[in-house]
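Structural overview for review
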Amino acid sequence: MLSYALLVHAAPYSHQAALSALRFAETVVAGGHRLKTVFFYHDGVHNASALMSPPQDEVHLADGWKRLHEAHGAELLVCVAAGLRRGVLDTSEASRHGLAAHSVEPPFELTGVGQLVDAMLANDRLITFAP
């Protein structure tokens, strides 16, 4: 059994890489391996938005990541610096910056790039999904 971490650079619905990352994650756990961490970076931070509302006949990527977390305990980490640049923030960061709204809710959590380094060191494989 291998432990995996994923690094997602792609925004949802703008490139196949975001959906491919979710499908790969589902395959990893279905194969008996462990998915410990998913780190959303650059435009990939948009995968954590609680405000996305795709048509009913499309895959809801944020919900897919949440289900993966609930069923298998995978950490869903969002780069705070990349998120702030793109308006993807949680209640704490919105308050800190004097903003009235937020778009990130648990189980997604804002964190620093140091957590990505930790995930690289703590897992057998780091797989990157980028446009």
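All of the points below concern the structure found in this document. Model, not experiment: these values are computed from the prediction.

1. Considering the overall build of the protein
- Scanning the protein from N- to C-terminus turns up five helices and five strands.
- In the protein, the succession of helices and strands from N to C terminus is β-α-β-α-β-α-α-β-α-β.
- If you line up the protein on its principal axes, its C-alpha atoms span 45 × 35 × 25 Å.
- Counting all 131 residues of the protein, 42% fall into the buried class.

2. A short note on the sheet that holds strand 5 (residues 125-129)
- On the basis of which strands lie adjacent, the open sheet formed by five strands has the order 4-3-2-1-5 and parallel pairing. Each end of this open sheet is capped by a strand with a single partner; those strands are strand 4 (108-111) and strand 5. Between one strand axis and the next, the sheet turns by 25° as a mean value, whatever way the strands run.
- In terms of strand pairing, strand 1 (residues 3-8) meets strand 5 through five bridges, oriented parallel. Counted as the bridge partner of Val8 is Phe129 from strand 5.
- Contacts from helix 1 (residues 16-30) reach strand 1, strand 2 (34-40) and strand 5 within the one sheet, and its direction differs from that of strand 1 by about 170°.
- Sheet contacts for helix 5 (residues 114-122): strand 1, strand 2, strand 3 (75-79), strand 4 and strand 5; angle to strand 2, the most-contacted strand, approximately 155°.

3. Concerning helix 2 (residues 61-72)
- When the terminal C-alpha atoms of helix 2 are compared, their 16 Å separation across twelve residues agrees well with the 16 Å that a helix rising 1.5 Å per residue should span.
- Contacts from the buried residues of helix 2 go to strand 1, helix 1, strand 2, strand 3 and strand 4.
- In the stretch just after helix 2, Gly73 is the one whose phi turns positive, near 75°.

4. Digging into the pairing of strand 1
- Burial analysis of strand 1 places six of its six residues in the buried class, which makes it a mostly covered element.
- Where strand 1 and strand 2 come together, six bridges link them in parallel fashion. Residue pairing across strands places Leu6 opposite Val38, the latter belonging to strand 2.
- As a crossover connection, the stretch from strand 1 through helix 1 into strand 2 is right-handed.

5. A look at unusual backbone geometry
- The amide bond that connects Pro106 to the next residue, Pro107, takes the cis arrangement and shows omega of 15°.
- Within the element layout of this structure, Pro107 appears in the loop between helix 4 (91-96) and strand 4.
- Positive phi, normally seen in glycine, also occurs at His42, with a value near 50°.
- Residue position: His42 is located in the loop between strand 2 and helix 2.
- Under the relative-accessibility criterion, His42 is labelled partly exposed at 37%.

Basis of the calculations
Residues numbered from 1 in each chain as written. Predicted model: local features only at pLDDT ≥ 70, side-chain atom pairs only at ≥ 80, totals over all residues. Heavy atoms only, no water. Helix = DSSP H or I, 4+ residues; strand = E, 2+ residues; numbered from the N terminus. Buried < 20%, exposed > 50% of the residue type's maximum accessible area, 1.4 Å probe, protein only. Pairing = 2+ DSSP bridges. Axes fitted to C-alpha atoms, helices over the stretch in contact; angles between N-to-C directions. Contact = heavy atoms within 4.5 Å. Expected span 1.5 Å × (residues − 1). Right-handed = clockwise from strand over helix to strand, strands pointing away.

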